[in-house]
Every structure is written in structure tokens, then in C-alpha cells.
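Architecture at a glance
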Amino acid sequence: MEIKEEGTSEEGQQFLPTAQANDTGDTQFTSIQKNPNEPQLEFILACKDLVAPVRDRKLNTLVQISVIHPAEQSLTRYSSTEIVEGTRDPLFLTGVIFPSEYPIYEETSIKLTVYDVKDKSHDTVRTRVLSEHNKDSPPEVGQSFLGYASFKVGELLKSKEQLLSLSLRTSDGGKVVGTIEVSVVKMGEIEDGEADHITTDVQGQKCALVYECTAPENVSRKDNLPFLNAVLKNPVCKLYRFPTSDNKWMQIREQMSESVLSFHIPKELISLHIKEDLCRNQEIKELGELSPHWDNLRKNVLIHCDQMVNMYQEILTELSKETGSSFKSSSSKGDKTLEFVPINLHLQRMHVHSPHLKDALYDVITVGAPAAHFQGFKNGGLRKLLHRFETERRNTGYQFIYYSPENTAKAKEVLSNINQLQPLIATHADLLLNSASQHSPDSLKNSLKMLSEKTELFVHAFKDQLVRSALLALYTARPGGILKKPPSPKSSAEESHAQDQPPPIRRQDSIPHHSDYDEEEWDRVWADVGKSLNCVIAMVDKLIERDGGSEESSGGDKDGERDPSLEDSIASHPREDWYEQLHPLILTLKDCMGEVVSRAKQSLTFVLLQELAYSLPQCLMLTLRRDIVFSQALAGLVCGFIIKLHTSLHDPDFLQQLHTVGLIVQYEGLLSTYSDEIGMLEDMAVGISDLKKVAFKIIEAKSNDVLPVVTGRREHYVVEVKLPTRMFESLPLQIKEGQLLYVYPVLFNVGINEQQTLAERFGDVSLQESINLENFELLKEYYAVFMEKMPPDYISHFQEQNDLKGLLESLHQNIQAKKRKNVEIMWLAATICRKLNGIRFTCCKSAKDRTSMSVTLEQCSILRDEHQLHKDFFIRALDCMRREGCRIENVLKNIKCRKYAFNMLQLMAFPKYYRPPEGTYGKADT
């Protein structure tokens, strides 16, 4: 029977359609019974008594696994094992896993082809194309065909002990060249009486091929929450079994998934930016009449700002066309239409089934360093650009008024509060009138309470020196206004100091004076709001009192006195005129509030105009760059937060930590401090620091749409995470009531490539040193709050298990040591993050090569340190994951090539454990 080659499934994801299989004539295929969201089938392989093609040659073998789909009778290359060297009885550590999404049935056939790999550097087996079921292609350079066997899935599942022993035959189906054993994976320890299934490893370690079935732990339940399917897409699954130090087996499932949040979050953010900028532009237009100098600046600003809004709208339109997308490849990092989208964002998950310990999950989010690649790095990244911009703006002449970044941020905050509170107050005022018309004392009191609270917040928002000084600045900018005292130029000594730490801005540095300006007028205007509210409170008290209600006053003016005119007004109106008596007072309150809003909005908008007026193209391009970098960072953060929430949903200690202390979010950077990567690191440092502006809020999902929603503005964002009712109800009361949940991002970077070697010998590594020191202080602050706020019994248990204080001290010592390529910093920071229940990120330029080396090393280190991986198998486990695991699939999906983008010369500069196995690297696009 001839079988057609249908394509490959190297990622375990390019599945053939199954609909036609079930609808072809009367043919029905038998589904495999399985638990929901569990893999459908997992098996492991071992060969015995292999016959070498050349006498006395030591075999280096691997097995290629192909699938024959019953409907099409087509052969699809699926996966392969690692190479086992120097034995005729190879036992493979890399297993075969068919995830729940894969179309596999009892009638599906599996073909196993065994190769002898003579030269690992060619690594041609993974690219060969099989043309027929019973005939393999001619041998290629670097490998030779030994034999094959095939079986149906149903035969394996129904066999005794779910184990098959198959003869390996040559391509003509005649000569037997050995045996291959296929065993369905069962978790647990070695069973008694199974000595005939013990195989001696090449290093003499004996390991069982048969597992005892054990009940899944809680991790499985948490791991398989269906809700995660709305966030994670296209999982790639790999299976390994490694020996422990006492020669038992542990089973490891490795999974890598994309996230739809890669595109969803940027679209949410860009929509917010457009809304915020349209509002700001309208407010600039409504500044009123200005003197010719300021009016010309305003017109120029509006032209550029409108262009920016149009550009954001175009980008949003382009992104909206990417329907169903959940992945941006590393080769697209310079694509302008995708610059807000994170590069190569994935969840990297390791699920460990250990014979001694409870099942455990270890998650790392891998993503390209948040950076503005399309914008380029010729002039550096955000960290340098923002400092240079601020220094130049502070020291520039008299064309504008200087406000510090803190004051500019404050202006945006007050404007945002105004825009939120004014409509709320108007609503509560109308509800008060409605209660009055219904003559409902209880309703009237409740409405008054809400109106009072919101109005007091409104008044408090303007008790700020910035508003007062901005009103004066705007007064001088009106026609006829005179700038009596321009910003004073700084001495050279002050300029030198400003390079490191901007001095606090004194009033005379930034605020012009004007002899005709009545400074007390503003006090009277916003004080009128409070007085108007007091009149409303007094009227409500009197109306309820006259109506026979409570004798207790619900408020009054601050002096305990009422307006005498109120007494006459109340006496002359019958009780049915509550509405008529309150209506004029409410109108007065709204009028007073409108006057405050009009003045404050204009003055604070004038503050924002100053920032834009200084250097239009530069200022707006910096805003764009910061938005791009932040968008990439936020998409990854939201993905990490949701995954962490779901995997820890049944952990009360974690949930208490979440709302009491917040979460540490640790970023591991592998960028060098050389050439363009300096700019990338500068971008990344600002983008991650900006995540401090983000808070999370968990809400109950009211529909099937469970994707998160982003609200807020550039200085403060809230991400609303939706949970289905059943999951939402299990949360602590504080979280259910909408308490904001905060994250504490920290970044530690250690360059490991050959460019870092150049930086250390001939360049400058001060950027990396300062970033690591700054973020250590942030981590230490979080630890202090954690120790202070978490319960003593939890802390006690926590400290017994993990000496966090000692780890922090060691991290500090390593940072201060200034040792070249000190990867100990990364290991310590990652360990501290995991022990603090944090969210882990690993980043390099594209999250493809250096990142892959790091996460595989982290996984094997965890297996060694936490799960007793046999020390003699550490390097073999590392090579398995790098050669056949999820990360080589990541390389393939990014650049369509199974080669890490390193060459031999580059790897000589890498730390020892960050070097991939022979045959997995070479010339490739980054």
C-alpha cells in the first residue's frame, strides 16, 4: 500500500482535519478514552539487540515517530527521540506525547523508524522527508537507516500491561535487526516483580520501564482549568522520563503555549491611548484665547498631536485585521504594524510527576525583551533618551515654562480625577432630587451621603499647589499677560548635578509672577463648591426634621451654623415642595462645580501644553516609543498574572499574599551591554519599571467573553481579569469586593554572549550594574513588606523551608562582586522569585536562542535540586530538552529552521551550561 507524505507535525500542532474522517462513508473511528484536558496517549521507547550495519561499530541511535492517519492513509512525521550513544540496547529518555487536541484513534497507526547517527553535527534526520510507508529514503550524510516497526494505537492500549515488543525490520520488510519496546506511561515507582523490564543504561544506571499508576495530585486539577483555553493557544507538548538519585523514574511533561493576549492587550491599550489623546487635544483647543506666542505653539502642537492620533488609529486598524493571531515571530520584530505586539511570547511550563514528592508545576513566561525595534537604537533606548530629554528641557530658554515630570504626571492625574468625578457628582445630585420628589427620607439620606463623599473628593483634588501655580501661568499667557519673571537659568554646577538627580523645582524656577493676578480668587471659587454642598446638607436635614424624621443632623457646615435664609425658605414652603426647595441649591452646586472644572481643566491642560511645546517631534516620538515598549511588557505581564492566578486559585496563602502584599514579577534579561542591545536594555528597563503603574482587579465574568479589559490612562492602568462564577466565588472577600491588586516588577540582567565579552573587556557595563543594584533594592523592599504583612505562622513555615534572607544576601554579594558573566545572579534571583510565589520571565532579544538555553537549564536545575534528578544524568537531560524539547520547536516556528542561531566561535564565549548540544546550532536568521 502506498502512503502519501502529507506534511510534518514537528510542533505537534499542524494537525490534519478530522471532520472528513468521521464523515467518510460509514467509517467511524474509535476515540481513545481519556480524562478531559489530559494527554490522550503517552509512551516511551527502548531498543534491544540492535544489529550494526558495520561489524564492531558502536551505534548512536534515535527513533523517528510518524503517524498514519486512518482516513487519508497519509504519513505525517511527528517527533523523534534524543540520540543515545554507544549501545546496542538504547533506552530513550525522550518519550512521545499526543495532547488532547491531536486527532488520534485506536485505528491510527504509528511508525517507528530507527537511525544510526554517524555525525551529529549534520542532524539531517529531522529534515528528511519520508516518501512511503514501507520504503525509506536513501541514506543521507551523517545518518543511516537501521530498521522500522509499526503498530496500531488500539493494539498498544489493549496489550498486556500496555506494552508491545516489536521486531525491527529492514526496508524490504525481511531481515530482523533488533527489537523495539513501546510502553504506555504510568506514573509512580518501580513495581515489584518487574525485573525483566529493567534495562541497563549506557552509564550503568538501572531504570525501570514500567510505572505504577498513581492518583493525580491537585496540580492536575489546577493545571487543567478550562478557562485557560481562552488565553493559551497552540500548545506544544513533550514527554521525558529521567532517573532519580535512587534509580526510580520521574516523568516530566514539558509544554509551550502561545497566548491570544499577544494581540488582545496591545489593541486594548492603543484604543485607550486614542481616547486619552483625543480628549487632551480637545482640551488644548478649548484653552481659550492666548497671546500670539502661545497660540502659535498651540496650533503647532495640535497639528502634530492630531497626526499622532491618526497614526495610532491606523495601527489599531491594521492590528484588528490580525484576527485569530496569537504569536509574533522573532523575524517580524522590525515590522511597523506589529511594533506594539510582544515578540515570541510563550508560556514555558514543566509538569513534574515524581515518585517521592507531590506533582509540581514550574512556569516561566518567555518573551523578547520589550523594545522599539522599528524605531531603532541609533540614539540609545528609553532610559537614556528620557534622561537627555528632561535635562535639555530643564535647561532650555524662555519659549515655555518648565514643569518637572512629577508635576506633569500630577496634572494628568488631576485631570483624570475631574473627568471621572464631575459626571458622578451630577448623577448623585440628580438621584438626590429624585429622592426628594418621592418624599423618601431614607433614600434622601443615602443619596446625600453619596453626593457628599464624591463632592469632598472633588474638592480635595484641587488642594494642590500645582493647580494654583498653573492658573497664574495661564493668566500670564492670555492676551496682555506679562511674563514678569522667566525661568531662571542654572549654574554649571547645578547642570552637572542635574545629570544624576534633578533638583526639586522651586516656585521661581517654573512659575511666572504677575502683579495684577488675584491669587485668592481661586480659593474663593473652589471654596464655593464646599459652601454649596453645605447648603444642600442643611436643607436636607431641615426637610427631614420638619417631616418628623430623625432629630439627628446628617451634616452641616463646618462652623455648625446654617444659612439664615434657609430658615425663611423652609418655613414658607409646604412639605410637598421638597423637590422645589432642593432644586435651586443643586443648580448652584453644579454651577460652582462647573466654574472650578472650567478653570482647573484649562490651567492643567496648559501644563501639558508646556511639555509638548518644548520639542514636538522629539516629545511625541518618545511618547510613542514608551507606549510601544509598555504595550509589549504589559501583554506579557497580563498573561503571566492570569496563569499564576489560575494555577494558585486553590492556595489560600497565595491569595492572601496577593491582596495583602501583591506579587513580585521577576524579569531575567540576557541582553549584552554592547551595540544595539544597550538600547534594547534601556528600553526594557523603562518598560518593566512602568509596570508599577498597573493594578489588577478580578471581576465576575457575565458572559462567555473572558478576555481581560484594560482601563485607565498612561499614568495609571487597571486590568480587569474576568473569572467564571464558580471560580470567582472561591476568592477571598477583599478580592471579590474589587480590591486593587498590585505587582512589583524587578529586572536583573546578565549578558552571556560574545558581545558581552567585548563590553566587559573594551566597553562599559555600568548600565547592567546600575540596573541590577536598583532592582535589588526594590526586591529587598518587597521582601520587607512581605515579612511584615504576612501572618507569623506562615512566615515561620516559610522561613523553615527557604532561607530567603540568606539568598538575598548572596544575591547582593554577587551583584556587588562585578564578576564577568556572573550567571549566579540569574539563578539566585529566579530562586528567590519562585520562593516568594512570584511570576518568572526570561528575555533576550528574540526569546529564541539565549532564552532557550536559560529556561532549559532552569528546568534541569529544578529537577536536580527539588526532585532528585540523578547527577550523572544532568547533562543528558539538558541535551534532551534542547535537542528534542519545546524550545527547538520554538526556533522552528520562528525562523522555519531547527538551528539555534549560534556558531562555534560565539559559543566559546558562553558560560558552560548555556551551550547547546552538537548538531542543534549553526547558521540561521535571528
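What this report covers is the structure whose coordinates are included nearby. (Residues numbered from 1 in each chain as written. Predicted model: local features only at pLDDT ≥ 70, side-chain atom pairs only at ≥ 80, totals over all residues. Heavy atoms only, no water.)

On to the overall build of the chain. Regarding its fold elements, the chain presents 28 helices and 22 strands. Taken over 926 residues, the chain has a buried fraction of 56%. (Helix = DSSP H or I, 4+ residues; strand = E, 2+ residues; numbered from the N terminus. Buried < 20%, exposed > 50% of the residue type's maximum accessible area, 1.4 Å probe, protein only.)

Pairing of side chains with opposite charge becomes possible as their charged atoms draw close. Taken as a whole, this structure holds 37 salt bridges when the rule is applied. A salt bridge links Arg 714 to Glu 276; the nearest nitrogen and oxygen atoms lie 3.6 Å apart. Taken together, the residues Arg 714 in the loop between strand E19 (709–713) and strand E20 (716–723) and Glu 276 in helix H4 (residues 261–285) connect sequence positions 438 residues apart. Each member of the pair, Arg 714 together with Glu 276, is buried. The partner of Asp 277 in a salt bridge is Arg 280, with the nearest N and O atoms 3.7 Å apart. With Asp 277 and Arg 280 both in helix H4 and three residues apart, this pair spans about one turn of that helix. One network of salt bridges, in which partners are shared, links Glu 276, Asp 277, Arg 280, Asp 627 and Arg 714. (Salt bridge = Lys/Arg side-chain N within 4 Å of Asp/Glu carboxyl O.)

Turning next to the packing of helix H8 (residues 441–461) against helix H14 (residues 578–614). Any two packed helices are characterised by how steeply their axes cross, that is the angle between the axes, and by the distance between the axes. Contact geometry of H8 with H14 gives a least axis separation of 13 Å together with a crossing angle of 15°. By the angle class used here, H8 and H14 are roughly parallel. Where H8 crosses over H14, the two elements pack in a sense that is left-handed. Taking contact as the criterion, the partners of Pro 441, Leu 444, Leu 451, Thr 455 and Phe 458 in H8 are, on H14, Trp 578, Leu 582, Ile 586, Leu 589, Met 593, Val 596 and Val 597. In terms of residue class, the contact of H8 with H14 is made up of eleven nonpolar, one polar and no charged. (Axes fitted to C-alpha atoms, helices over the stretch in contact; angles between N-to-C directions. Parallel < 35°, antiparallel > 145°, perpendicular 65-115°, else oblique. Left-handed = near helix turned anticlockwise from the far one by under 90°. Contact = heavy atoms within 4.5 Å. Nonpolar A, V, L, I, M, F, W, Y, C, P; charged D, E, K, R; others polar.)

What holds strands together in a sheet is hydrogen bonding between their backbones, with the strands either parallel or antiparallel. Spatially, ten strands are ordered E13-E14-E15-E16-E22-E17-E21-E18-E20-E19 in an open sheet, and the strand pairing comes out mixed. Two strands lie at the open edges of the sheet, namely strand E13 (232–243) and E19, each paired on one side alone. Between one strand and the next, the sheet's axes are offset by a mean angle of 25°, whatever the strand orientation. Of the strand pairs in this sheet, strand E18 (residues 694–700) and E20 are connected by seven bridges, and their pairing is parallel. Residue pairing across strands places Ile 699 opposite Lys 722, the latter belonging to E20. Across the face of the sheet, helix H24 (residues 824–835) comes into contact with strand E16 (360–366), strand E17 (663–669), strand E21 (741–749) and strand E22 (839–843) while running at roughly 160° to E17. (Pairing = 2+ DSSP bridges.)

Next up on the list: the nonpolar core. By size, the foremost hydrophobic cluster in this structure holds 89 residues, and its most contacted members are Leu 432, Leu 451, Phe 458, Trp 522, Val 536, Leu 582 and Phe 606. Among the elements that take part in this core, H14 stands out by supplying 18 residues, more than any other. When sequence neighbours within four positions are dropped, the list of residues in contact with Leu 432 reads Leu 444, Ser 447, Leu 448, Leu 451, Val 536, Val 540, Leu 582 and Ile 586. (Core = buried A, V, L, I, M, F, W, Y, C linked by side-chain atoms within 4.5 Å.)

This paragraph deals with the packing of helix H15 (residues 616–647) against helix H16 (residues 652–660). Where H15 meets H16, the axes come as close as 10 Å, and the angle between the chain directions of the two elements is 140°. The angle between H15 and H16 places the two elements in the oblique class. Taking contact as the criterion, the partners of Phe 641, Lys 644 and Leu 645 in H15 are, on H16, Phe 654, Leu 655 and Leu 658. Its residues assigned to classes, the contact of H15 with H16 shows five nonpolar, no polar and one charged.

Now for the side chain of Thr 455. Note that Thr 455 resides in helix H8. Setting aside its immediate chain neighbours within four residues, Thr 455 contacts Ile 425, Val 529, Leu 533 and Leu 589.

Taken as a whole and judged by the stated rule, the model has 18 aromatic pairs. Measuring from centroid to centroid gives 5.2 Å for Tyr 78 and Tyr 102, while their planes differ by 75°, and the two rings are edge-to-face. Of the two residues, Tyr 78 is situated in strand E4 (residues 74–80) and Tyr 102 in the loop between strand E6 (96–98) and strand E7 (109–117); the sequence distance between them amounts to 24 residues. With relative accessibility at 3%, the residue Tyr 102 sits in the buried group. Taking the centre distance of 5.9 Å and the plane angle of 90° together, the rings of Phe 874 and Tyr 913 count as edge-to-face. Taken as a pair, Phe 874 in helix H26 (residues 874–884) and Tyr 913 in the segment after helix H28 (904–908) lie far apart in primary sequence, 39 residues in all. According to the relative accessible area criterion, Tyr 913 is partly exposed, its value standing at 33%. Three or more aromatic residues joined by ring pairs form one cluster here, namely Phe 43, Tyr 78, Phe 98, Tyr 102 and Phe 151. (Phe/Tyr/Trp six-rings, centres within 6.5 Å; stacked < 30°, edge-to-face > 60°.)

Attention now goes to unusual backbone geometry. One non-glycine residue, Ser 675, lies in the positive phi region at around 60°. Along the polypeptide, Ser 675 turns up in the loop between E17 and helix H17 (676–689). The exposure class of Ser 675 is partly exposed, given its relative accessible area of 46%. One non-glycine residue, Asn 837, lies in the positive phi region at around 60°. If you trace the backbone, Asn 837 turns up in the loop between H24 and E22. Exposure remark for Asn 837: the relative accessible area of 15% places this residue in the buried category.

Right, let's talk about the side chain of Ser 603 for a bit. As for its placement among the helices and strands, Ser 603 is situated in helix H14. Sequence-distant contacts of Ser 603, that is, excluding residues within four places in its chain, are made with Val 467, Ala 470, Leu 471 and Leu 474.

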